[in-house]
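# Topology and contacts: notes
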Amino acid sequence: MALRDYPRRAAELIEQRPEVRESVTRAALHFDRNRARAYAEAPAEAWRTYAKGVKDHLLSRLADYLEAAEARLTENGVRVHWAEGPEDVHRVLGEIVRAHGVRRAVKAKSMLSEELGVNAFLEAQGVEVYETDLGEFIIQLAGEPPSHIVGPAIHKSLAEIRRLFAERLGTPPDASPEALAAAARAFLREKFLTAELGISGANFLVAETGTVVLVENEGNIRLSTSLPRVHVALVGIEKLLPRFEDLAVFLQLLARAATGQPIGTFVSLIDGPRREGETDGPEEVHVVLVDNGRTAALADLEASEVLRCIRCGACLNACPVYRQTGGHPFGFVYSGPIGEVLAPALLGPGEAYPLYHASTLCGACAEVCPVKIPIPKLLLTWRHRAAEEGLLLPMEKAMVRAYAEAVVRPRAYRLASKAMRAFPGALESERLPLVRAWTRLRSGLRPSPRPFHELWEEIKDEREG
Amino acid sequence: MSARDRVLYRVRRALTGRPEAALPAVIAPEERDPEEAFALFRTRLEAAGARVARLDSLEEARGFLAEAESGLQSAWAGAGVPEALRPRLPLAEPERARLGVSLALAGVAETGSVVLTAREGRRGQLLVPRHLVWLFAGDLFGSLLEALRRLRGGGVSALALHSGPSKSADIGQIMVKGVHGPGELWVGVLTFDSVGLEASDRSVNLEERLKGLTGRVLTTKENQTLTVVGLSKPGNTLYLALANGKKEGLPVKYVKKAVELIEAGISPQGPKELGEAVAKALGLKGPPKAGYLWAILHALGYV
Amino acid sequence: MRVALFATCLVDQFFAQAGVATVRLLRSLGVEVDFPRGQTCCGQPAFNAGHWDEARRMARHTMGVFEGYDYVVLPSGSCGSMLRVHYPELFVGRGADYRRAVSLAERTFELSQFLVRVLGVEKLGDGLTGRRFAYHHGCHALRELGVEEEPELLLQNAGAELVPWEADRECCGFGGVFSVKMPVVSVAMADRKLDTLPRQAEPEALVSTDAGCLLHLAGRMKRRGDALPVRHLAEVLWEARSGAS
Ligand code: SF4
C-alpha cells in the first residue's frame, strides 16, 4: 500500500464505511479520557520531563548502552543477535526454526514484527504463526493489519467480530463478548501448549541488567515467553533504558498514557532462560537488536526525537484526524501522529509523502505524549524538507510564490481583494479545483461586502461614545 | 563486518559530535506508612478487579483459602508456599488445576501489584482460572521504585508483576476477564507473623522450608537486604546474596538450633539475643551471623 | 500606549465587522488604536505547508509594518501564534531578524488575552445578559497561546451563558490548507464538532476567536442544513460592552 494514497483511502473509508469511524472515535475517546484521568492523579508532568530526559540521555550514548546491554544479556545466558533490517531478522529466525524443528509459533503483540514482516516469513518457512493478543488474533483472522498501536482491532465493532468468529471458530452468531473471548482462549490455549517458539517484542530493555520488559493485560505475552522452548524477543535499538530503577516511572507512565491504568496487568521482567531449580520457562532466549531505519533517524538531530517513543498510542487517541479513520488509510505500520513523523524518519520524506500533511497541527498529540515528542514541530520540519526537495503538488510552488508576492505588496493585496469582490461567486464555484475541494462538502465562502481595510477609513476618526 | 559492527558503527557515526544529554536523577517516590500502603494496595487491586483480604491469623488465612478452593477439584501450589497455606485439594498440573496458589516475593502499593518469581513455576501462575497469591504484609512496599530496588538481581530467570485478573477490551471496548491468564486474582495479605505458621508447620522438614525460601528477598533488622540464593547440595549451608554483591553462607545447623531453642520456649528479643543463645548452645565463640539468622527465622515465621 | 490592530487577512476579508468591533471595543477602554495600512497576511499558510523562504519574506514584511508599536492586537489565535511562536522559530540564527521577531512576539496578543492580561479587564459590561453561546476553542489559541479562560471569563462576566459542549476543545478540522488538501477528513472532523453541539441547550450562535474555524464550521453547517449562526468573538465582546446586539 503506497502511503501516497492516504487522502483517497481516508476519504473512501469515511464515506463508505461510517461504522469504522464510529468504532474508532468511540474507542479512542474512551482511551483518551482514561488517560486524562490517570495523568491527573499522578505527578504526570514531572514523570514526562524525567522520561524525556532519560530517553534523550540514552540516545545520546546509545552505542555504549547497546554494548552494555549485550554484555549483560550474554552473562544472563541470552543469545544476542543484531539486525540491520528484515533480512537479518529473517535469517536469525530461519536458523532458530531449523535448529529446533519449529512447526508452530505463538506471537505476542509486537509492532516491530509488523515492520519486519515476520509472520509472512515464518509462514513461508512452513511455520504456523498465531497472534495471541486478542485484538491481534481478531485482525489476523480478518487478514488485516493493526489499526492502532495498543488496540489493533479498535476499528471493528462487536457485530463484525461476531460474524468473523462465527465463520472461523464456529461460535453462535449472537455470542457474548465473554463467549467470543472464551472461544479465542480455548483455540489459542492449545497453541500455547504445543508451540515450540514464542516471539515477542519488548517494551523496554534495561541496559544495566539485561532485563527484557514486556507489558500487557491479557497474559498472552507471559504465556508466549514462558511455555515454548524458545523465546525470541525483537527489540528496536531505541527501546533501551539505562537503569533498572528507570522502570519505576516508565512502567507507570506507559500504562497511564496508553489505557489509564496504574500499571499493565502483567509485567514480565525477563532475565534469561530457565535456570537451575526452575520447573518451566524457555530453554533458550534470544534477543534480536534491530535497527531497521533507526540509525538513520538517529543521525538526524531533529527527527531523532521520534526515537523516544514508547508506543503508548496516546497521540493516536488524542488525534482528531486519526479518530476519523483509524490506522488503515495511513498505509504504514504506525499510524496517527507518531506514524506521520516516524514514516519520514524511517522511510524518508519522499516515500512518506503526504502523511506529514495529514494534520491540522492542532497540537493535541504533543500535549499527551509521555516522552514529550514535539510532533507538530516535527510535522512542520518534514513539510519544510519536502518543499525544499521539491515534493510538491503541481503548481504549488508557483501559487505560493504568487501569494507571497501579493502579501509583501499591500497594493497587490488590495487589488486581489477588489478582484475577489468583482467576481462574488468565485469562491462558490464548483469548477475551480481548489475551490471545489472546499465546496463539495461545505457551502462556498462569501467575503464581507467590504473588507475591513476599507471600513477602517470610515471609522478611523470615530471618537469613543 | 557483521551486522553488529555495522549497526554499532552507524550508531556511533550518527552521534558524532553530539554532546551527551544529562541523565536525570531517579524521582523519589511518595513515602507511605504501612497502613497507607495497605489501603492503596487494596484500592488499586480491587479497582483492577482482584479480591484482597487482610488476614490477621492463620485461621483467617485458612478460611480465605477454603473459600478459594470451594467447588473446585484440583489445585497447584508454588514451591515457596508455606505448608500451612498450601491447598488441601488434590494437586494437579497447572494445565488442569482450577486453582493456583503462589507466594509473592513482594507487593507494590503504588501500582497494586504482587511480584511473582519464575522459581515457583510460571505455568501455575498463568494457566489456572483462579490464582490465589499470599503476600506477607512485611513484603509490601509503598512504591514501585522501592520494590524494584529490593528485587533486582534475584537470581531467577524472570519476575512478573500481576496487578489484576487477565483482561481485554479488544472486543468492541467491552471489558472481558480471563482472556488468557487467570480470570480471578485473589490476594491474601498475611499480617500475623510467626507463631501461627510455626505451630502448624512444625511437622514440615526444615530443609524443605529453607529450600522454599529460595529467591526470597529478605530484610534484616538493620534494614540490609539479602536474597536467599539457595541451599547447598548436601544441605549444610544456606547461601545468601547481599546487596553489595557479596555472597554469604549460613550454616544450616545454626538455623536448626535456633528453631529448636525457640520451640523449646525461649523468646529472643532481637538478633543479638538470638545469636548469643545459639552460640551458647552450639559452643561457638562469637554470635553466629545473627542478623541473617534472624532474617531467616523471621521469614520462616519463628520470630 | 500605542496599539496596532492586525486585522489578519481572514478577518479583513470575511469578518470585516469583527475588525470594526475590535477597534470600537479597544477605544471604549481608552486604548488608542491604529491600523497600519501596509498589513496583509502573516504568512501562516505558506509556513505550515513548508514554504519557509516565502514565509520569511512575508514575516519580514509584517515585522516591518508593526515596528514601533507597544502592542499588536489580533482578533485571531491562529495568526497570533504565528507571530508569537513561529516567527522567532523562523529566524533562529538570523541575527537582526531574529531579534525583531522576538521583539514582535513579545508585543503580540490575541484580543481576549490582551484585554485580560494586559489591560486587566475582566468585565466589559452587562450586554450579554440572558444570552447563550457555544464557544469553540481554536487549537492554536488554546495550545500555543494558552488562551483558555480569557474568552470564557469575558463572555460569562458580561452575563452570557456558555453551553457545555463535549468537543469544545477539539480541533474543528479547518487546518488552513488541510481543509482543501484532505477535505473529507477535514469535514468529518467538523461533523464530530457539530454532532456534539448541544442544540437542545439552544445557543444563539457558535463563537470563536478564529475566523478560519468559523468559516469552515459555518460552511459545513450550512451544507448540513443547520442555521446556527457563527459569530466572531470580537463582535460578541463589543456587544458585551455596548449592550447592542
Ligand atoms: S509519540 Fe508519544 S504519545 Fe505517541 S505513541 Fe509514541 S510515546 Fe505515545
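Analysis parameters
- Residues numbered from 1 in each chain as written.
- Chains lettered and ligands numbered in written order.
- Predicted model: local features only at pLDDT ≥ 70, side-chain atom pairs only at ≥ 80, totals over all residues.
- Heavy atoms only, no water.
- Core = buried A, V, L, I, M, F, W, Y, C linked by side-chain atoms within 4.5 Å.
- Buried < 20%, exposed > 50% of the residue type's maximum accessible area, 1.4 Å probe, protein only.
- Helix = DSSP H or I, 4+ residues; strand = E, 2+ residues; numbered from the N terminus.
- Contact = heavy atoms within 4.5 Å.
- Pairing = 2+ DSSP bridges.
- Axes fitted to C-alpha atoms, helices over the stretch in contact; angles between N-to-C directions.
- Polar contact = N/O pair within 3.5 Å; in protein donor to acceptor, adjacent residues only side chain to side chain.
- Domains from an automatic or database assignment.
- Buried area = accessible area lost by both parts, 1.4 Å probe.
- Salt bridge = Lys/Arg side-chain N within 4 Å of Asp/Glu carboxyl O.
- Nonpolar A, V, L, I, M, F, W, Y, C, P; charged D, E, K, R; others polar.

### Regarding the nonpolar core
Core analysis: the biggest nonpolar cluster contains 167 residues, and Leu247 and Ile338 of chain A have the highest contact counts within it. For this core, the leading source of residues is helix α12 (residues 247-258) of chain A, giving nine residues. Beyond its immediate sequence surroundings of up to four residues, Ile338 of chain A is in contact with Ile149, Val306, Cys309, Cys315, Leu316, Ile373 and Ile375 of chain A. In terms of nonpolar packing, the next biggest core, distinct from the first, is built from 63 residues, Val3, Val20, Leu115 and Val207 of chain C among them.

### Considering the sheet that holds strand β7 (residues 230-236) of chain A
Two strands in a sheet stick together by hydrogen bonds in their backbones, pointing the same way (parallel) or opposite ways (antiparallel). Residues and elements named next belong to chain A. Taken together, the six strands give an open sheet; going across it, the order is β1-β10-β7-β4-β2-β3, and neighbouring strands pair in parallel fashion. Each of the sheet's edge strands pairs with one partner strand only, and the pair in question is β1 (79-83) and β3 (128-131). The average undirected angle you get between the axes of adjacent strands in this sheet is 20°. Pairing analysis gives four bridges linking strand β2 (residues 104-107) to β3, with the strands arranged parallel.

### Comments concerning the side chain of Arg243 of chain A
Structurally, the position occupied by Arg243 of chain A is in the loop between β8 (240-241) and α12. By relative accessible area, which is 18% here, Arg243 of chain A ends up buried. Among the polar contacts listed, one links the side chain of Arg243 of chain A to the backbone oxygen of Pro24 of chain B, at a separation of 2.8 Å. Those residues within four positions of Arg243 of chain A in sequence are excluded, and the remaining contacts are Tyr50, Val54, Val206 and Glu208 of chain A together with Leu23, Pro24, Ala25 and Val26 of chain B.

### Here's the deal with the environment of Val11 of chain B
For Val11 of chain B, the location among the structural elements is in helix α1 (residues 3-14). Val11 of chain B gets classed as buried once you look at its relative accessible area, which sits at 0%. Between the C-alpha atom of Val11 of chain B and that of Val81 of chain B, which follows or precedes it by 70 residues, the distance is 48 Å. Each residue touching Val11 of chain B, except ones within four places of it in the same chain, is listed here: Leu62, Ala63, Leu66, Ile237, Thr295 and Leu298 of chain A.

### Brief notes about the domain arrangement of chain A
Residue and element names in this part refer to chain A. The domain boundaries assigned to chain A delineate domain 1 (1-41 + 305-392), domain 2 (42-292) and domain 3 (394-464). Distance from the C-alpha centre of domain 1 to the C-alpha centre of domain 2: 23 Å. Counting residues at the interface gives 39 residues for domain 1, matched by 38 residues for domain 2. Summed over both sides, the interface between domain 1 and domain 2 buries roughly 3400 Å², with carbon and sulfur atoms accounting for 60% of that surface. Area buried by domain 1 at its contact with domain 2 is led by Ile310, His328 and Lys372, which between them contribute 18% of it. For the interface between domain 1 and domain 2, the tally reads five salt bridges. A salt bridge links Glu238 to Arg311, with the shortest nitrogen-to-oxygen separation between them at 3.4 Å. On inspection of domain 1 and its partner domain 2, the count reaches 16 residue pairs in polar contact (both at pLDDT 80 or more).

### Examining the environment of Glu462 of chain A
With respect to the element layout, Glu462 of chain A can be found in the segment after α23 (452-459). Aside from chain neighbours lying at most four places away, what touches Glu462 of chain A is Arg24 and Arg27 of chain C. Within the local environment of Glu462 of chain A, its side chain forms a polar contact with the side chain of Arg24 of chain C, the two groups lying 2.6 Å apart.

### Here we look at the domain arrangement of chain C
All names here are of chain C. Segmentation of chain C into domains returns domain 1 (2-118) and domain 2 (132-242). Each of domain 1 and domain 2 has a C-alpha centre, and the two are 21 Å apart. Between domain 1 and domain 2, the residue contacts involve 30 residues of the former and 25 residues of the latter. At the boundary of domain 1 and domain 2, one finds one salt bridge. The interface formed by domain 1 and domain 2 holds twelve residue pairs in polar contact (both at pLDDT 80 or more) in total. Tallying contributions element by element places helix α2 (residues 16-28) first for the side of domain 1 that touches domain 2, with seven residues. Split by residue class, the side of domain 1 that touches domain 2 holds 14 nonpolar, twelve polar and four charged.

### Overview of the interface of chain B and chain A
Listed per partner, the contact involves 66 residues of chain B and 97 residues of chain A. At the boundary of chain B with chain A, total buried surface from both sides reaches about 6800 Å², with 59% on carbon and sulfur atoms. Broken down residue by residue, the surface that chain B buries against chain A is led by Asp170, Ile171 and His180 of chain B, which jointly contribute 11%. At the junction of chain B and chain A, the tally comes to eleven salt bridges. Glu70 of chain A is paired through a salt bridge with Arg4 of chain B; the nearest N and O atoms lie 2.8 Å apart. In this assembly, chain B and chain A are joined by 39 residue pairs in polar contact (both at pLDDT 80 or more). For the side of chain B that touches chain A, the secondary-structure elements that each account for two or more residues are α1, α4 (123-126), α5 (144-151), β8 (158-162) and β9 (167-168) of chain B. Considering each element in turn, the side of chain B that touches chain A owes the most residues, nine residues, to α1 of chain B. In the side of chain B that touches chain A, the residues fall into 33 nonpolar, 16 polar and 17 charged. Relative to β8 of chain B, strand β9 (residues 266-270) of chain A runs antiparallel, the two being bridged by five bridges. Opposite Ile270 of chain A, over in β8 of chain B, you have Ala158 of chain B as the bridge partner.

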